[in-house]
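# Examination of the molecular architecture
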2 protein chains.
Amino acid sequence: MASPAGGARGGVSVAQRRGGSPLDDDVSFLLARANALSLAAGNAALADYGLRVRSYSVLALAVGDARPSQRELAEFLRLDPSQVVALVDELQRRGLVRREADPADRRANVVVATTEGEACFAEARLAVRAAERELHAELSDDDHARLSELLQRLAFPS
Amino acid sequence: MASPAGGARGGVSVAQRRGGSPLDDDVSFLLARANALSLAAGNAALADYGLRVRSYSVLALAVGDARPSQRELAEFLRLDPSQVVALVDELQRRGLVRREADPADRRANVVVATTEGEACFAEARLAVRAAERELHAELSDDDHARLSELLQRLAFPS
DNA sequence: CCACATAATTGACATTCTCAATGGAATCGG
DNA sequence: CCGATTCCATTGAGAATGTCAATTATGTGG
């Protein structure tokens, strides 16, 4: 696959001869491509646990003491509230999270992981971390930290 | 909208109290969120030109002398070949690109921008760049260059 | 109490992702 | 040259995701 048939140019790929392509240093494009790779790897790693990146993210936030409402989950994960309904429905159906009425606001549901959900997440997390390490093998620890810091500023503009 | 009612905790958002959340320093998650923001801004900026980030990317690669085949476009943009068919169909219908038979491989179509396509891209590009600058206002030029370099390594692993 | 904003939910619809199958063309091994 | 295999573009189907409007119950401010 590294050397396609596509003869005329002697197997030189677009990526290699993208000299004047306007997408070259386009952060948006690089973001999209890196995200696509990351998403694919993540979903593959999570398949064994019956999770996808989406449901894993919800579960991750339900673990711990943040006790997010569905609206907060939607905002944090950049999802439409209606998508959160479906994700929580599914996780709840599987017994991994439960909805608790927010005592301070009876409109809101707080999403909390069950004991089983915490256990599932702990396992899944290992798989995700391993996949991520492999995907980021090119980056040193320093690079990784720098990237994380820069992305944080992009992902959570003040 | 910036200050939700969400009462009990005094307007403290999940993002602010995500102390122990396992997604905190998760590059994959940050990548997804930053990409979602970037995608939304890009599509908004391109709406005036009847383009979306997807079609804009294809057009960008069709401009210039790379002369990519559809398969190469798919690989570069991380799309399924069947998606490229639809994207090129649409751009071709609007007269922005054309398919040319690759003289070296009669199976392959090379996608090239028309004069009109080049003009449309030139305008659209300005809008995209402006939106991107605004979105990345938090980053200095150095930060931007560093981020670009790091993402390049993630997006195009060797 | 009233007018208005908000949280979760439902439903509809468009876009995107992923996969399998097909026809025409190239490549490789004999 | 021939057959087997691989590859490109295309079609079609089904799942996942994104976006939007409307509804119900609840909170907030006047």
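Before reading further, recall that the structure is shown in the block above.
Reference entry: report on the structure contained in this document. (Residues numbered from 1 in each chain as written. Chains lettered and ligands numbered in written order. Predicted model: local features only at pLDDT ≥ 70, side-chain atom pairs only at ≥ 80, totals over all residues. Heavy atoms only, no water.)

Moving on, we come to the protein's contact with DNA strand C. For DNA strand C, the set of nearby residues contains 19 residues, the closest of which are Gln70, Arg71 and Arg107 of chain A together with Arg54 and Gln83 of chain B. The share of sugar and phosphate among atoms of DNA strand C within 4 Å of the protein is 74%. With respect to DNA strand C, the side chain of Asp80 of chain B contributes an N or O atom lying 3.3 Å from a base nitrogen. Within the side chain of Gln83 of chain B, an N or O atom sits 2.9 Å from a phosphate oxygen of DNA strand C. Counting only elements with at least two residues in the surface near DNA strand C, the list comes to α3 (70-77), α4 (81-93) and β2 (105-113) of chain A together with α4 (81-93) and β2 (105-113) of chain B. Partitioning the surface near DNA strand C into residue classes produces four nonpolar, six polar and nine charged. (Near = heavy atom within 4 Å. Polar contact = N/O pair within 3.5 Å; in protein donor to acceptor, adjacent residues only side chain to side chain. Helix = DSSP H or I, 4+ residues; strand = E, 2+ residues; numbered from the N terminus. Nonpolar A, V, L, I, M, F, W, Y, C, P; charged D, E, K, R; others polar.)

This part covers helix α5 (residues 115-135) of chain B. With 21 residues, α5 of chain B extends 30 Å between its outermost C-alpha atoms, agreeing within 8% with the 30 Å of an ideal straight helix rising 1.5 Å per residue. Each element contacted by the buried residues of α5 of chain B is listed here: α1 (27-46) of chain A together with α1 (27-46), α2 (53-62) and α6 (141-155) of chain B. (Expected span 1.5 Å × (residues − 1). Contact = heavy atoms within 4.5 Å.)

Taken together, 19 residues lie near DNA strand D, and Arg54 and Arg106 of chain A together with Gln70, Arg71 and Arg107 of chain B sit nearest. Sugar and phosphate atoms form 71% of the subset of DNA strand D atoms that lie within 4 Å of the protein. At 3.4 Å from a base nitrogen of DNA strand D is found a side-chain nitrogen or oxygen belonging to Asp80 of chain A. Contact between DNA strand D and Ser82 of chain A: a base nitrogen at 3.1 Å from a side-chain N or O atom of the residue. Counting only elements with at least two residues in the surface near DNA strand D, the list comes to α4 and β2 of chain A together with α3 (70-77), α4 and β2 of chain B.

Attention now goes to the relation of the copies chain B and chain A. The operation relating chain B to chain A is a screw motion whose rotation component is 180 degrees, with 0.0 Å of axial translation and a residual RMSD of 0.1 Å. Here the symmetry operator amounts to a two-fold rotation axis. Most of the interface of chain B is mirrored in chain A: 97% of its interface residues are interface residues there too. (Least-squares fit on C-alpha atoms with pLDDT ≥ 70 in both.)

The topology assignment puts Ala44 of chain A in helix α1. Residue classification places Ala44 of chain A among the exposed residues on the basis of a relative accessible area of 55%. (Buried < 20%, exposed > 50% of the residue type's maximum accessible area, 1.4 Å probe, protein only.)

All names here are of chain B. Scanning the entire structure with this criterion turns up one cavity of 30 Å³ or more. Taken as a whole, the largest cavity spans an internal volume of roughly 30 Å³. Top element by residues in the lining of the largest cavity is α1. It accounts for three residues. Each residue belonging to the lining of the largest cavity can be placed in one class, and the counts come to five nonpolar, two polar and no charged. (1 Å grid on protein atoms, 1.4 Å probe; cavity = no way out; pocket = protein on both sides within 12 Å on 5 of 7 lines; lining within 4 Å. Points joined across faces, edges and corners; volume = space filled by probe spheres on them.)

Residue and element names in this part refer to chain A. Bridge count between strand β1 (residues 97-102) and β2: six bridges; the pairing is antiparallel. Across the sheet, Arg99 pairs through a bridge with Val111, a residue of β2. The turn linking β1 back onto β2 is made up of two residues. (Pairing = 2+ DSSP bridges.)

Orientation of α1 of chain A relative to α6 of chain B, taken along the N-to-C sense of each, is 35 degrees, at an axis distance of 9 Å. As α1 of chain A packs across α6 of chain B, the resulting crossing turns out to be left-handed. Here α1 of chain A contributes Val27, Leu30, Leu31, Arg33, Ala34 and Leu37 of chain A to the contact with α6 of chain B, which in turn contributes His144, Leu147, Ser148, Leu151, Gln152, Leu154 and Ala155 of chain B. (Axes fitted to C-alpha atoms, helices over the stretch in contact; angles between N-to-C directions. Left-handed = near helix turned anticlockwise from the far one by under 90°.)

Moving on to the interface of chain B and chain A. At the interface, 67 residues of chain B touch 67 residues of chain A. Roughly 6600 Å² of surface becomes buried between chain B and chain A when both sides are summed, with 62% attributable to carbon and sulfur atoms. Applying the counting rule to chain B against chain A returns two salt bridges. Linking Arg153 of chain A and Asp143 of chain B is a salt bridge whose minimum nitrogen-to-oxygen distance equals 2.5 Å. Across the contact surface, chain B and chain A share 14 residue pairs in polar contact (both at pLDDT 80 or more). Elements with a contribution of two residues or more to the side of chain B that touches chain A: α1, α2, α3, β2, α5 and α6 of chain B. Residues that form the side of chain B that touches chain A fall into these classes: 35 nonpolar, eleven polar and 21 charged. (Buried area = accessible area lost by both parts, 1.4 Å probe. Salt bridge = Lys/Arg side-chain N within 4 Å of Asp/Glu carboxyl O.)

Right, let's get into helix α6 (residues 141-155) of chain A. With 15 residues, α6 of chain A should cover 21 Å at 1.5 Å per step; its first-to-last C-alpha distance of 20 Å lies within 8% of that length. All of the buried residues along α6 of chain A are Asp143, Leu147, Ser148, Leu150, Leu151, Leu154 and Ala155 of chain A. Buried-residue contacts for α6 of chain A involve α1 of chain A together with α1, α5 and α6 of chain B.

Before going further, it helps to spend a moment on the packing of aromatic side chains. A complete count under the given rule lists eight aromatic pairs over all chains for this structure. Taken together, a centroid distance of 6.3 Å and an interplanar angle of 45 degrees make the contact between Phe29 of chain A and Phe156 of chain B tilted. With Phe29 of chain A in helix α1 and Phe156 of chain B in the segment after α6, the pair connects residues from two separate chains. For Phe29 of chain A, a relative accessible area of 7% corresponds to the buried category. On the basis of relative accessible area, Phe156 of chain B is assigned to the buried category, the value being 17%. Members of the aromatic cluster, each reached through a chain of ring pairs, are Phe29 of chain A together with Phe76 and Phe156 of chain B. (Phe/Tyr/Trp six-rings, centres within 6.5 Å; stacked < 30°, edge-to-face > 60°.)

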